[in-house]
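Working through the structure, step by step
Each chain is listed here by its residues.
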Amino acid sequence: INAEYMGSSFIMAAWSTTCLLAALACAHAAAPLQSFGIGRSQIVLRADREYELLSYNVSAGSSAAITFFWITGDPIAGGPQSGVDFALWRFYIDGEQTASVGPLQSSQAALVGNADPSAPWDNEYFGKNSKFGGWHFNLMIPFAKSVRVTLQMPANIPTERAFAMVRGVENIPITVGALTLPPAARLTAAVRTSTSLPVLAFHELVNVPSGTPGLILGTMIDIVSADGGSLNSLEGCWHAYMPPSAPYPGMLLGTGAEDYPESAYYFNAGPYRGPTSGLTVMDPGHGTVPSRVSFYKLHHRDPIFFTDGLRFEWRNGDVTDPATGQKCITTGGDTIGSPGVSNVSTLVYVYTWPAEV
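Just so we're clear, the structure is a prediction, and the values are computed from it rather than from any experiment.

Thresholds applied
- Residues numbered from 1 in each chain as written.
- Predicted model: local features only at pLDDT ≥ 70, side-chain atom pairs only at ≥ 80, totals over all residues.
- Heavy atoms only, no water.
- Helix = DSSP H or I, 4+ residues; strand = E, 2+ residues; numbered from the N terminus.
- Rg over C-alpha atoms; globule rule 2.2 N^0.38 Å.
- Buried < 20%, exposed > 50% of the residue type's maximum accessible area, 1.4 Å probe, protein only.
- Contact = heavy atoms within 4.5 Å.
- Areas by Shrake-Rupley, 256 points an atom, 1.4 Å probe, with all protein chains shown as cover.
- Lys, Arg positive; Asp, Glu negative; His and termini not counted.
- Charge placed at Lys NZ, Arg CZ, Asp CG, Glu CD.
- Core = buried A, V, L, I, M, F, W, Y, C linked by side-chain atoms within 4.5 Å.
- 1 Å grid on protein atoms, 1.4 Å probe; cavity = no way out; pocket = protein on both sides within 12 Å on 5 of 7 lines; lining within 4 Å.
- Points joined across faces, edges and corners; volume = space filled by probe spheres on them.
- Nonpolar A, V, L, I, M, F, W, Y, C, P; charged D, E, K, R; others polar.
- Pairing = 2+ DSSP bridges.
- Axes fitted to C-alpha atoms, helices over the stretch in contact; angles between N-to-C directions.

Per the secondary structure count, the protein chain includes one helix and 28 strands. Against the compact-globule benchmark of 21 Å for 357 residues, the protein chain has a radius of gyration of 21 Å, which places it among compact chains. A principal-axis box enclosing the C-alpha atoms of the protein chain has dimensions of 70 × 55 × 35 Å. The buried share of the protein chain, reckoned over its 357 residues, is 52%. A separation of at least 24 residues holds for 72% of the contacts in the protein chain among residues at least 6 apart in sequence. When the accessible area of the protein chain is evaluated, it comes to approximately 14,900 Å², of which 54% is carbon and sulfur surface. For the protein chain, the centre of its 19 positive side-chain charges and the centre of its 28 negative side-chain charges are spaced 7 Å apart.

This is the structure in structure tokens:
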């Protein structure tokens, strides 16, 4: 492979192999695979403007995807976090004026709630390999014509020094685990917040319109609950409605909050970070001090497909059916324990594509 230096960008010459790797679909092999990217040091990020890290136009007759991005920076004085933990990424796809992916904090984009700075850890899509910053992402963000990638600090951090990289590949198949998605697949990041969510109320994570096919790639949820330390808000079940108008209870993805990320019994083994799920924050709280849990679930090995739209919900606490004692099968019944009013923040990565594909 030959590389030509262009400013801070490297444009790599195309491979012309029949099939570069087993993971690449041979149907795409006739189109040249060409890498692109940029790296910047000593960037001054500001809260009052976006810094354009990359602007890239696809070669004629090609398509492309972002495949990697990374950021690091200095620690915040007196604490373990770095300012870049809160830096906001935006990915503007094919000339759009509002980013379909972003704004996402670096930690949030890695499906980590509450900007938890713990390190090192790594999985197939995300990781953090430094005490300060060191966030990296292998998230495929496809586009057909162009992409702009920007960084910005939130309002409470006026300026921050950062180092950042972003890379991608033209004509690379879009894959989730062992699956190759349709070429027209696009990624969206659904960010939702429910403030003071009442006990037994439902928090909607994402709503994809009927008639749209796609799949869930990954989910993050951060729950802060005034439950007196009982953790009973975690009794809430997960409901996937396919199509969105499907009746309750839909498809159950967890009969309790901790079941969905492959744990049990209120996460009694403590924090973990695995290849398909993780508990990044666990504070049981007590009395008037609220509990806080943050966790993620990735679906590259456990795909959740839909063909006619999707509505995905979690309930703040739950009930049992008086007749059977079972959970998640009725909206009414006996409340389990003492769940509390909660503040809930979520992020869901979803790929969708046109129905005719």
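Let us look at the nonpolar core. In summary, soluble globular proteins display a tendency toward joint burial of nonpolar side chains. One finds I66, I71, F126, Y349 and Y351 to be the most contacted residues of the largest nonpolar core, which totals 61 residues. Ranked by residues supplied to this core, first place goes to strand β5 (residues 64-73) with five residues. Among all residues touching I66, those that are not within four sequence positions of it are F36, L54, F91, L139, M140, I141, F143, V147, V166, R167 and G168. Among the nonpolar cores identified, the runner-up in size contains 29 residues, and A190, A201, L279 and I304 belong to it.

A few words now on the layout of surface pockets. The volume enclosed by the second largest pocket comes to roughly 250 Å³. Forming the boundary of the second largest pocket are 17 residues, of which Q105, Q108, N114, M220 and S345 lie nearest the centre. Where the lining of the second largest pocket is concerned, the elements lending two or more residues are α1 (106-109), β16 (186-197), β18 (214-225) and β28 (342-352). Among the residues making up the lining of the second largest pocket, the classes are represented as seven nonpolar, eight polar and two charged.

A few words on the sheet that holds strand β4 (residues 51-57). One open sheet accounts for four strands, arranged β4-β12-β6-β7; its pairing is antiparallel. The strands lining the two open edges of the sheet, one partner per strand, are β4 and β7 (101-105). Each strand of the sheet is rotated relative to its neighbour by a mean of 10°, with strand direction disregarded. Bridge analysis of strand β6 (residues 88-93) against strand β12 (residues 146-152) gives six bridges, and the strand direction is antiparallel. Of the residues in β12, the one forming a bridge with L88 is Q152.

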